[in-house]
Amino acid sequence: MVTLPDKRTDFFDWYLAVVESAGLSDKRYPVKGMNVWTPYGFRARRNLDRIMIREIEATGSEAVEFPALIPQTEFSKEKEHIKGFDAQVYWVTKGGSTDLDLPLVLRPTSETAMYPVFALWVRSHQDLPLNVYQIVNTFRYETKTTRPFIRVREIHFFEEHTCQVDEASATARVESNLAAFERMATAFALPFVPVRRPEWDKFAGAYYSVALDIPVGEGRTLQIGSVHHYRENFSRPYGIQYEASDGTTKFVHQTTFGLSERLLGAVISVHGDAKGAVFPRELAPYEVVVIPILSAASGDTPRSAANEIVARLARAGFRVHLDDRDDRPGAKYYYWELRGAPLRLEVGAREAAARTASAVDRLGTRGSVALDSLEADVEGALVAFDRALLGRAQAEFARAFALVRSVEELRGAKHVAQLAWCGSEECGHAIEQAIDGALLGTPEGTPPIDAPLPEGCLVCGATTGVRWVLAARPL
Ligand SMILES: [Zn+2]
């Protein structure tokens, strides 16, 4: 049995121990920050992809795939973008033993791969909007400590890129993306706050950036995705323009939406506990694990009942797994709790005779299912489990924020701070220094704590331009 470190006091040790002992990723590959997707972890990743694809395609986005290598000349066209990524890119400079005439960048993100082609695709207003996404691996030479799923150098990346007729349509696309993420987050049972980043922390080349942040305890946060409005910042250098219905030529306004395997890290961080990982059903590699309890006295009836259960649940579309390994039932319970399976069904001789199974969900709720109504009973148990998981996460989310009314309170804050800021960069940096972290930015919509806005800036007391902002120590 693995003894996990304490999640609250040794978060990163706990996190690594869960990822490793639950068999989700193997970080022993000999390139730092490039990890191996194990069979169990890959199942979770496939479910993650399915949820992202379902929700983005519901908004009319189509899948594409662009090459992984980008010519240096294209990569360098947008000045801010190249500045932002310069220190993080991998270069391909040789083909065999020959130096390449034109060095190639291994994509850190795909603006500069896609936009020269978008300039060919977009001709008239009838070609707009252009909404496409891809799920590919991207590469970034991370200099910070790498951690499986959370900070890696080869990233399993979801990126949507769009072209719109004007600024207002691009703003509407940002809102559509945020609504799509809200639906994804429901599937992950993950409460989050969309935050508009301050000018000095927006995406390289963006007009503005909305990040999706979650609290992960002790005043820390994790950015789990982002949506960006580019205005014409990329369409001008890349020449993406169209003929409007009045015959004039205009540049498109662009947006992007980025997510990654970090969502798996977020789910482990938020839902995991002293027993290990906890997966919401849609993300779970297996929603249901069936364990026959065999003994000398039981004969074979538990096994045949378990087989019937597995066959019927699989036919009904559940992701179900039969654990008939030669091991003690207690060891199997522990094993599947560590691996985060939402629901396990135990079938002993008594259950088999009564045509039932004991049902225990990952939060410890016990019940039973009848074979007569198996599919409906299991569905009910999984729905109840997801609801309870979301409820637990929402309660923790609500406890993670605190109103802060003085600079002193920021020092060593154990909560994500919600505070009043005048908007000046100087005051922003003072806030960051005090909390030893980042000014995350202004929450979009209602802030986490619904309270009357103070009259003056927390730092300088100025009364103009005051808005709520969040500050924390990002992971
Ligand atoms: Zn101020």
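Colleague: Residue-level account of the sheet that holds strand S4 (residues 69–71), with values.
Modeller: On the basis of which strands lie adjacent, the open sheet formed by three strands has the order S4-S6-S5 and antiparallel pairing. Looking at the sheet topology across the chains shown, the edges are occupied by S4 and strand S5 (90–95). Strand-to-strand twist across the sheet, computed as the mean angle between neighbouring axes with direction ignored, equals 45 degrees. Across five bridges, S5 lies against strand S6 (residues 98–106) in antiparallel orientation. Looking at the pairing, valine 92 lines up with leucine 104 of S6.

Colleague: Explain the pairing of strand S23 (residues 467–474) to me, and be specific about the residues and the numbers.
Modeller: When you tally the buried positions in S23, you get six out of eight residues, the bulk of the element. Examined bridge by bridge, strand S11 (residues 220–231) and S23 share two bridges and lie parallel to one another. When the bridges of S23 are listed, threonine 221 appears paired with proline 474. Sheet topology note: the strand S22 (residues 438–443)/S23 ladder contains three bridges and is antiparallel. Residue pairing in the sheet places glycine 441 in a bridge with leucine 470 of S23.

Colleague: Tell me about the nonpolar core, residues and numbers included.
Modeller: Of all hydrophobic cores here, the largest spans 57 residues; its most connected members are Phe181, Phe188, Ile224, Phe257, Leu259, Leu263 and Phe279. The contact partners of leucine 259, leaving out residues within four places of it in the chain, are Met52, His156, Phe157, Phe158, Phe181, Met184, Leu212, Ile224 and Gly225. With 26 residues, the next largest nonpolar core counts Phe66, Leu128, Phe203 and Tyr242 among its residues.

Colleague: Describe the coordination of the zinc ion, listing the residues and the values that go with them.
Modeller: Protein coordination at the zinc ion comes from Cys422 (SG), Cys427 (SG), Cys457 (SG) and Cys460 (SG), with a distance range of 2.3 to 2.4 Å. In this structure, the zinc ion is coordinated by four donor atoms arranged in tetrahedral fashion, with angles at the metal of 103 to 117 degrees.

Colleague: I'd love a proper account of the pattern of salt bridges, names of residues and values included.
Modeller: Within the structure shown, the criterion is met by 33 salt bridges. In this structure, glutamate 80 and lysine 83 form a salt bridge, with 3.4 Å as the shortest nitrogen-oxygen distance. Taken as a pair, glutamate 80 and lysine 83 lie in helix H4 (residues 79–85) at a separation of three residues, close to a single helical turn. The network of salt bridges with common partners includes Arg50, Arg54, Glu55, Arg183 and Glu282.

Colleague: Tell me about the packing of aromatic side chains, and please be specific about residues and values.
Modeller: Evaluation of the coordinates by the stated rule reveals 25 aromatic pairs. Consider the rings of tryptophan 200 and tryptophan 421, whose centres lie 5.9 Å apart with planes at 90 degrees: the pair is edge-to-face. One end of the pair, tryptophan 200, is in the loop between strand S9 (193–196) and strand S10 (208–215); the other, tryptophan 421, is in strand S21 (residues 416–421), and 221 residues separate them in sequence. What makes tryptophan 200 partly exposed here is its relative accessible area of 26%. Following the ring pairs from residue to residue traces out a cluster consisting of Phe66, Phe85, Tyr115, Phe118, Trp121, Phe203, Tyr230, Phe234 and Tyr238. Its guanidinium or amino end placed over the ring of tryptophan 37, arginine 45 lies 5.0 Å from that ring's centre, counting from NZ or CZ. For the cation-ring pair, arginine 231 lies above tyrosine 207, with the distance from its terminal atom to the ring centre recorded as 3.6 Å.

Thresholds, definitions, all that
- Residues numbered from 1 in each chain as written.
- Predicted model: local features only at pLDDT ≥ 70, side-chain atom pairs only at ≥ 80, totals over all residues.
- Heavy atoms only, no water.
- Pairing = 2+ DSSP bridges.
- Helix = DSSP H or I, 4+ residues; strand = E, 2+ residues; numbered from the N terminus.
- Axes fitted to C-alpha atoms, helices over the stretch in contact; angles between N-to-C directions.
- Buried < 20%, exposed > 50% of the residue type's maximum accessible area, 1.4 Å probe, protein only.
- Core = buried A, V, L, I, M, F, W, Y, C linked by side-chain atoms within 4.5 Å.
- Contact = heavy atoms within 4.5 Å.
- Donors = N, O, S within 2.8 Å, 3.2 Å for Na, K, Ca; no water.
- Tetrahedral: all angles 85-135°; square planar, octahedral: opposite > 155°, others 65-115°.
- Salt bridge = Lys/Arg side-chain N within 4 Å of Asp/Glu carboxyl O.
- Phe/Tyr/Trp six-rings, centres within 6.5 Å; stacked < 30°, edge-to-face > 60°.
- Lys NZ or Arg CZ within 6 Å of the ring centre and 35° of its normal.

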